[in-house]
Protein chains: 2
Amino acid sequence: MTRADVASAAGVSTAVVSYTLNNGPKNVAPATRERVLEAVRTLGYRPNATARALRLGSTGQVGLVVATVSNPYFGQLTDQVERSAAARGLALLVRTNSGGLVREAIEQLAARQVDGMLIARPMDANDAAAVAESGVPAVLINEASGPAGVPSVGVDRYGGARRAVEHLIEHGHHRVGLIGAGDGGHRQRGWADALAGAGLPPGPVVAETYSREGGYRAVLQLLALPDPPTAVFASSDEQAVGALLALHESEVPVPGGMAVIAFDGSAASAFTWPPLTAVAQPMEMMVERALDRLLGLEQNVLPTELPSTELLPTELLRRRSCGC
Amino acid sequence: MTRADVASAAGVSTAVVSYTLNNGPKNVAPATRERVLEAVRTLGYRPNATARALRLGSTGQVGLVVATVSNPYFGQLTDQVERSAAARGLALLVRTNSGGLVREAIEQLAARQVDGMLIARPMDANDAAAVAESGVPAVLINEASGPAGVPSVGVDRYGGARRAVEHLIEHGHHRVGLIGAGDGGHRQRGWADALAGAGLPPGPVVAETYSREGGYRAVLQLLALPDPPTAVFASSDEQAVGALLALHESEVPVPGGMAVIAFDGSAASAFTWPPLTAVAQPMEMMVERALDRLLGLEQNVLPTELPSTELLPTELLRRRSCGC
């Protein structure tokens, strides 16, 4: 039973069968899509089960595309992928490219004959096309959603940020600032909705890079305001680490003078002074789910029956920087 | 002009020519070795120039073997290799394997067709044999020395540690403890010689893992002594970060109650509280030198004329934790 049989039964090209089953990269008209799925059901076609069973174990290696590993969060994520892959008998090849294009990394990794790829960088439609052309299955990781045709396993950043800011409000804070990318993303919306939900005005937003230096500069900006916030939500551990240094140097006690909560919860956040209360990402679960998807452990389920995006819940780790 | 010509002129097998030119992996009797080198000189044979010119650029990729990238030092090292390789038009493939054997990582990376490999893990003779069998040139990095046949580019850990402890003595400290692996390695010897050089007794040594948790436990041990040291040298940034947390929790002011100097000088050491005075490793220079070696940029020089080990100097970054 081949893709050609399905195409013939549905009266479409084999490419249209692929687009339908992979949810992309090109769109398929709803009526055509229904015809293809009907043919798949009638014929009992299990595309990925076959293809993946052939691939799985043929090289014994999976690949990971990541921008940088000097950021401790991504270093930890990379090590987690290696451990989880090893537990499944697979070795890991990592392709870092902070400066280069994602699609180049995908093409080069695919040429190294891996069974599948995890991609921990934001992807666009061009990148999805590179995945489709490579013939190597790929799963987007650490992102809330990706382009059509690429399943993703991410984290509920909105819910995590909202819960963290609600926690600061429970500690009595009425002015809670945000250090973030300033792009109105999930974390910023969670922060804004927590304040709005408590009837509080949005605190100041400082747009900065997701780095220690960014967090450091952001706090200096906040402290220069006529009426600085009494608490701040940092969109990454790295920003929070930089924020703490700026607060220490400015002799603002933490949490007494300014409370801080970070997003990420990497190992480094437990060893700052004071230790950071943080929204912890479920890194191990995220990696395990992504590998399940990648290796087709759900191979008895049609791709179209799986959600294209899976969002995992975060956990608030209460340490000292929030006032607990 | 081939290796066979050299072998014939010297009256040895081609294997012996390889062992001589690569300084291993097997030993060659001094007299035989001289005969081979005489033949090489007479015939003007340039072995690696040819082999490397053939390889260089044929895949456009170099490999890196590293144990783990969640340690910020190795994360930063990995990113530096990627940047330096990219500047030479080469992409980087990383093979992490914290649990596995180095020789497995070497074999798997070599099978992925890379132009050469940097290896940032301690190597033994078996690993050197794996390199020789793979046919892919390799350079050991971040280690003071390696097995015969594998050139290495490392850092003068002894000199760096000695200078750091001398600096603590200049600040008036007479009891300087050591947090290290307790294996009498280069850093421990530098620490001991600095104290001996000033006529001071060796302070307490706490043997711990090179981790934040290790540094944390070590300081609790030091503080429990009847007469704790007034300063401590931590053998890694990670240990120093853990040490700072233990000192803060014990309400021992830094540097007033205990001064701290760390070895590594990764980016994280600048953002602790107080910022860490640290022995900085010349990471970029180390990576550039290792890539020069790997890619045969010294191809007009015979391998036997190059030192098999290159040690680069460190720099003492003076921040606040030492008392400066």
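Residues numbered from 1 in each chain as written. Chains lettered and ligands numbered in written order. Predicted model: local features only at pLDDT ≥ 70, side-chain atom pairs only at ≥ 80, totals over all residues.

### Quick look at the interface of chain B and chain A
Point 1. Between chain B and chain A, the residue contacts involve 30 residues of the former and 30 residues of the latter.
Point 2. Broken down by secondary-structure element, the contributors of at least two residues to the side of chain B that touches chain A are α5 (72–87), β2 (91–96) and α11 (237–249) of chain B.
Point 3. In terms of residue count, the dominant contributor to the side of chain B that touches chain A is α5 of chain B (seven residues).
Point 4. Taken together, the residues of the side of chain B that touches chain A break down into 13 nonpolar, 12 polar and five charged. (Contact = placed C-beta atoms within 7 Å. Helix = DSSP H or I, 4+ residues; strand = E, 2+ residues; numbered from the N terminus. Nonpolar A, V, L, I, M, F, W, Y, C, P; charged D, E, K, R; others polar.)

### Brief notes about the relation of the copies chain B and chain A
Point 1. Take chain B, turn it by 180 degrees, move it 0.0 Å along the axis, and it overlays chain A with an RMSD of 0.1 Å. Considering both components of the superposition, the chain copies are consistent with a two-fold axis. No C-alpha of chain B lies nearer the rotation axis than that of valine 94 of chain B, which sits 2.3 Å from it.
Point 2. The overlap is high: 100% of the interface residues of chain B also sit at the interface in chain A, so the same surface is used on both sides. (Least-squares fit on C-alpha atoms with pLDDT ≥ 70 in both.)

### So, the sheet that holds strand β12 (residues 315–317) of chain A
Strands in a sheet are paired, the pairing made by backbone hydrogen bonds, and the direction either parallel or antiparallel.
Residue and element names in this part refer to chain A.
Point 1. With mixed pairing, six strands are arranged side by side in an open sheet as β7-β6-β8-β9-β10-β12. Since the sheet does not close on itself, it has two edges, and those belong to β7 (205–207) and β12, each with one partner. Each adjacent strand pair in this sheet contributes to an overall mean axis angle of 20 degrees, direction not counted.
Point 2. Examined bridge by bridge, strand β10 (residues 277–280) and β12 share three bridges and lie antiparallel to one another. Paired with alanine 278 across the bridge in β12 is leucine 317. (Pairing = 2+ DSSP bridges. Axes fitted to C-alpha atoms, helices over the stretch in contact; angles between N-to-C directions.)

### Structural notes on the environment of serine 211 of chain A
All names here are of chain A.
Point 1. The topology assignment puts serine 211 in the loop between β7 and α10 (212–223).
Point 2. Judged by the 16 C-beta atoms lying within 10 Å of it, serine 211 is partly exposed.
Point 3. For the pair serine 211 and glutamine 61, spaced 150 residues apart in sequence, the C-alpha to C-alpha distance is 32 Å.
Point 4. Among all residues touching serine 211, those that are not within four sequence positions of it are Glu238, Gln239 and Gly242. (Buried ≥ 20, exposed ≤ 12 C-beta atoms within 10 Å, placed from the backbone.)

### Here we look at the confidence of the model for chain A
Parts of the prediction with low pLDDT should not have their coordinates interpreted in detail.
Point 1. Overall, the predicted model of chain A reaches an average pLDDT of 88, with 91% of residues at or above 70.
Point 2. Overall fold confidence (pTM) sits at 0.81, and the ipTM for the predicted complex is 0.79. (pLDDT = per-residue confidence, 0-100.)

### Let's talk about the packing of helix α1 (residues 3–10) of chain B against helix α3 (residues 30–43) of chain B
All names here are of chain B.
Point 1. Here α1 crosses α3 at 125 degrees, and the two axes come no closer than 9 Å. As the angle between them shows, α1 and α3 are arranged oblique. Between α1 and α3 lies a crossing whose hand is right-handed. Where α1 abuts α3, its residues Asp5, Val6, Ala9 and Ala10 lie against Arg35, Val36, Ala39, Val40, Thr42 and Leu43.
Point 2. Taken together, the residues of the contact of α1 with α3 break down into seven nonpolar, one polar and two charged. (Parallel < 35°, antiparallel > 145°, perpendicular 65-115°, else oblique. Left-handed = near helix turned anticlockwise from the far one by under 90°.)

### Some details on the nonpolar core
A general trend in soluble globular proteins is that nonpolar side chains are found buried together.
Point 1. Core analysis: the largest hydrophobic core is formed by 86 residues, its most contacted members being Val65, Met117, Leu118 and Ile119 of chain A together with Val65, Met117 and Leu118 of chain B.
Point 2. The residues contacting valine 65 of chain A, other than those within four sequence positions of it, are Arg95, Val102, Ala105, Ile106, Leu109, Met117, Ile119, Ala120 and Arg121 of chain A.
Point 3. Within the second largest apolar cluster, 80 residues are counted, among which are Ala243 of chain A together with Ala194, Leu247 and Ala278 of chain B. (Core = buried A, V, L, I, M, F, W, Y, C linked by C-beta atoms within 7 Å.)

### Structural notes on unusual backbone geometry
Point 1. Here the amide bond leading from valine 254 of chain B into proline 255 of chain B is cis, since omega sits at 10 degrees, within 30 degrees of zero.
Point 2. Along the chain, the position of proline 255 of chain B falls in the loop between α11 and β9 (259–264).
Point 3. Each neighbour pair has its own omega, and for tryptophan 273 of chain B with proline 274 of chain B the value is -15 degrees, a cis peptide bond.
Point 4. Even without glycine at this site, aspartate 264 of chain A takes up a positive phi of about 140 degrees.
Point 5. Secondary-structure assignment places aspartate 264 of chain A in strand β9 (residues 259–264).
Point 6. Phi at asparagine 142 of chain B is positive, roughly 70 degrees, even though this residue is not glycine.
Point 7. Summarising the element assignment, asparagine 142 of chain B is placed in the loop between β4 (138–141) and β5 (152–155).
Point 8. Taking the number of C-beta atoms within 10 Å as the measure of exposure, asparagine 142 of chain B has 22 and is therefore buried.

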